[in-house]
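Observations on the three-dimensional arrangement
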Amino acid sequence: MNLLYISPMIIDFDNLDGVARKLLYQKDAFSYCAGTDKVYLASYFGDGTFGVIGENIDIKIPFKKKSSRQLELMEIYPKLPQICKKLSIKAVYFRIFALSWVSDKLFSDLKKVGIKIAVEIPTYPFWKEKWMDVLDKFKTGKVLTGCKRTLTNIVYFIYAHRLKKYVTTIVTFSDIKKLWGVPVTGIANGYAFKELEEEKSLKTKDEDLHLLMVASVRSNHGADRVIKGLSTYIKTGSKRNVIFHIVGDGDAIPELKELVKNLENVEKQVIFHGFMAGQALEDIYKIGDIGISAIGFHRLGVYYASPLKSKEYFAKGLPVVGTTVEHDVLKSKSSEYYLAFPEDDTDIDIEKVCSFYERLQEHNCTNRQIAESATNDFAWKSIMKPIYEQLK
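1. Some details on the pairing of strand E4 (residues 57-60)
Bridge analysis of strand E3 (residues 50-54) against E4 gives 4 bridges, and the strand direction is antiparallel. What sits directly across from valine 52, in E4, is isoleucine 59. The antiparallel hairpin formed by E3 and E4 contains 2 residues in its connecting segment, where asparagine 56 sits at a positive phi of about 60°.

2. Some words on the side chain of glutamine 26
Along the chain, the position of glutamine 26 falls in helix H1 (residues 18-34). A distance of 2.9 Å separates the side chain of glutamine 26 from the side chain of glutamate 120, its partner in a polar contact. Beyond its immediate chain neighbours, meaning those up to four positions away, glutamine 26 contacts Tyr5, Tyr93, Glu120, Ile187, Trp380 and Met384.

3. Brief notes about the environment of threonine 145
Following the sequence through the fold, threonine 145 ends up in helix H6 (residues 143-160). The spatial distance from the C-alpha of threonine 145 to the C-alpha of valine 134 is 8.1 Å, given a sequence separation of 11 residues.

4. Concerning helix H8 (residues 253-263)
The set of residues buried in H8 consists of Ile253, Leu256, Leu259 and Val260. Along H8, the residues classed as buried sweep out an arc of 120° about the axis, all on the same side. Exposed and facing more than 90 degrees away from the buried side of H8 are Pro254, Glu255, Lys261 and Asn262. Residues of H8 that are buried sit in contact with helix H7 (223-235), strand E11 (242-247) and strand E12 (270-274). Within two residues after H8, glutamate 264 carries a phi angle of roughly 70°, on the positive side.

5. With respect to the pairing of strand E6 (residues 116-121)
Most of E6 is tucked away: 5 of the 6 residues are buried. Strand direction decides the pairing type here: strand E5 (residues 89-95) and E6, joined by 5 bridges, are parallel. Within E6, the residue paired with phenylalanine 94 across the bridge is valine 119. At this point the chain moves from E5, through helix H4 (residues 101-112), to the parallel E6, and the crossover so formed is right-handed. Summarising the sheet, E6 and strand E7 (residues 169-172) pair through 4 bridges and their orientation is parallel. Note on E7: the bridge partner recorded for glutamate 120 is valine 171.

6. A closer look at the environment of valine 320
By the secondary structure assignment, valine 320 is in strand E14 (residues 320-323). Of the residues examined, valine 320 reaches a relative accessible area of 0% and is grouped as buried. Sequence separation of valine 320 and phenylalanine 356 is 36 residues, and the distance between their C-alpha atoms is 9.9 Å.

7. Overview of the sheet that holds E7
If you walk across this open sheet you meet the 9 strands as E4-E3-E2-E1-E5-E6-E7-E9-E8, and the pairing is mixed. The outermost strands of the open sheet, each flanked by one partner alone, are E4 and strand E8 (178-179). Contacting strand E1 (2-11), strand E2 (39-45), E5 and E6, H1 runs over the sheet at an angle of about 170° to E1.

8. Side note on a nonpolar patch on the surface
Taken together, Trp131, Ile154, Phe157 and Ile158 make up a surface patch of nonpolar side chains, about 380 Å² in accessible area. Considering each element in turn, the nonpolar patch owes the most residues, 3 residues, to H6. For phenylalanine 157, the location among the structural elements is in helix H6. Given the relative accessible area of 43%, phenylalanine 157 is considered partly exposed.

9. Points about the sheet that holds E14
Sheet architecture is open: 6 strands sit in the order E12-E11-E10-E13-E14-E15, paired in parallel fashion. The open sheet is flanked by E12 and strand E15 (338-341), the only strands paired with a single partner. Taking each pair of neighbouring strands and ignoring which way they run, the sheet shows an average axis angle of 25°. Pairing between E11 and E12: 4 bridges, direction parallel. Paired with phenylalanine 244 across the bridge in E12 is valine 270. Along the sheet face, helix H12 (residues 350-362) touches strand E10 (209-214), E11, strand E13 (290-292), E14 and E15 and points at about 160° away from the line of E15.

10. Quick notes on the packing of aromatic side chains
Inspection of the entire model under this criterion finds 13 aromatic pairs. Look at tyrosine 5 and phenylalanine 30: their rings are 6.5 Å apart centre to centre, the planes differ by 65°, and that puts the pair in the edge-to-face class. In this pair, tyrosine 5 is assigned in strand E1 and phenylalanine 30 in helix H1, connecting sequence segments 25 residues apart. Judged on exposure class, the residue tyrosine 5 and its partner phenylalanine 30 are both buried. Pairing tyrosine 285 with tyrosine 313 gives two aromatic rings, centres 6.4 Å apart and planes at 65°, and the pair type is edge-to-face. Of this pair, tyrosine 285 sits in helix H9 (residues 278-287) while tyrosine 313 sits in helix H10 (residues 308-315); the two residues are 28 residues apart in sequence, bridging distant segments of the chain. This pair shows no difference in class: tyrosine 285 is buried, exactly as tyrosine 313 is. Through a chain of ring-to-ring contacts, the aromatic side chains of Tyr5, Phe30, Tyr93 and Tyr388 assemble into a single cluster. Across from the ring centre of tyrosine 285, 5.1 Å away, lies the NZ or CZ of lysine 316, which sits over that ring.

Parameters and conventions
- Residues numbered from 1 in each chain as written.
- Predicted model: local features only at pLDDT ≥ 70, side-chain atom pairs only at ≥ 80, totals over all residues.
- Heavy atoms only, no water.
- Pairing = 2+ DSSP bridges.
- Helix = DSSP H or I, 4+ residues; strand = E, 2+ residues; numbered from the N terminus.
- Polar contact = N/O pair within 3.5 Å; in protein donor to acceptor, adjacent residues only side chain to side chain.
- Contact = heavy atoms within 4.5 Å.
- Buried < 20%, exposed > 50% of the residue type's maximum accessible area, 1.4 Å probe, protein only.
- Arc of directions from axis to C-beta.
- Right-handed = clockwise from strand over helix to strand, strands pointing away.
- Axes fitted to C-alpha atoms, helices over the stretch in contact; angles between N-to-C directions.
- Patch = residues over 30% accessible without salt bridge, like charges linked within 9 Å, V, L, I, M, F, W, Y side chains within 5 Å.
- Areas by Shrake-Rupley, 256 points an atom, 1.4 Å probe, with all protein chains shown as cover.
- Salt bridge = Lys/Arg side-chain N within 4 Å of Asp/Glu carboxyl O.
- Phe/Tyr/Trp six-rings, centres within 6.5 Å; stacked < 30°, edge-to-face > 60°.
- Lys NZ or Arg CZ within 6 Å of the ring centre and 35° of its normal.

Right, here's the structure in full:
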């Protein structure tokens, strides 16, 4: 079964961001499932074009540049059904950008020619996050933007309830069974695991312990919970020197720096590295001993999620501190290397974090054991196979 993966995001192969890497991993996983059949990708690319690419295929879809991507897609989407016919496409996997009359017309046209459709919603539920964003725009005086986002949300809501007319399944990182009248396929976030170059044992009790958070550092990442917990740990007589590395830029950074300043006793223990990429990021991963996953999903009203970050840490051979929101990890064999705290605003107990790490060290755990366990649990080709089979 030939499949087309549609994602109207920008994919710059010279400067891939996390979202682009993820969808390319998913596309490659579909290719693995397809065997001798073909899988193609339709997206914007770094040179500003929109096209369909795949094995020996590079089709450019011309459009006029406009101020709104929705207006551009009004030109682009009507040309996709004909391309699907040319490439003998039988199924489409659509990673959601927005829902509107534009996507609705595309889905209708695809169904008319017998193409099955799966729609991935990366984060659900998301309404609280969307309306928080609108309120933030109004509070900061960005009234026009706030009005536009309000209209976008309303349009999204209207067309979400029309998906049941066209879509075979909605794919989410949740445990719900049906959404907007459409059956849901729940999946976990995966990763493209590679074998670690060097096998290393965990550190002994007399060595410094480095906690690592790599993120776009927003409130829902919950870094403040770690900082406050570290402050308490120091006040109560810390047994081990624990250092918290925060890698990345984001709107929460100023507040976190102010928090560190006000607590007074953690200024030497919390290091803000800013944005890092390439070899510099790889080097900081080598310093880290424990990865800190997203630990503030409750602030978005989300209590069932599958953060990609925990899988990235596992892939680097790091045990992970997260919360009970990550049901996929807690149900897997990798839960042995995962310490879950409640999904709330309580401070992270650093003493428990140290004890968790020390237990793994006492059992002679290595970075390679952690990575191999997660490979079995969260490889993309295993995660995407049920969706491919369902569409087939």
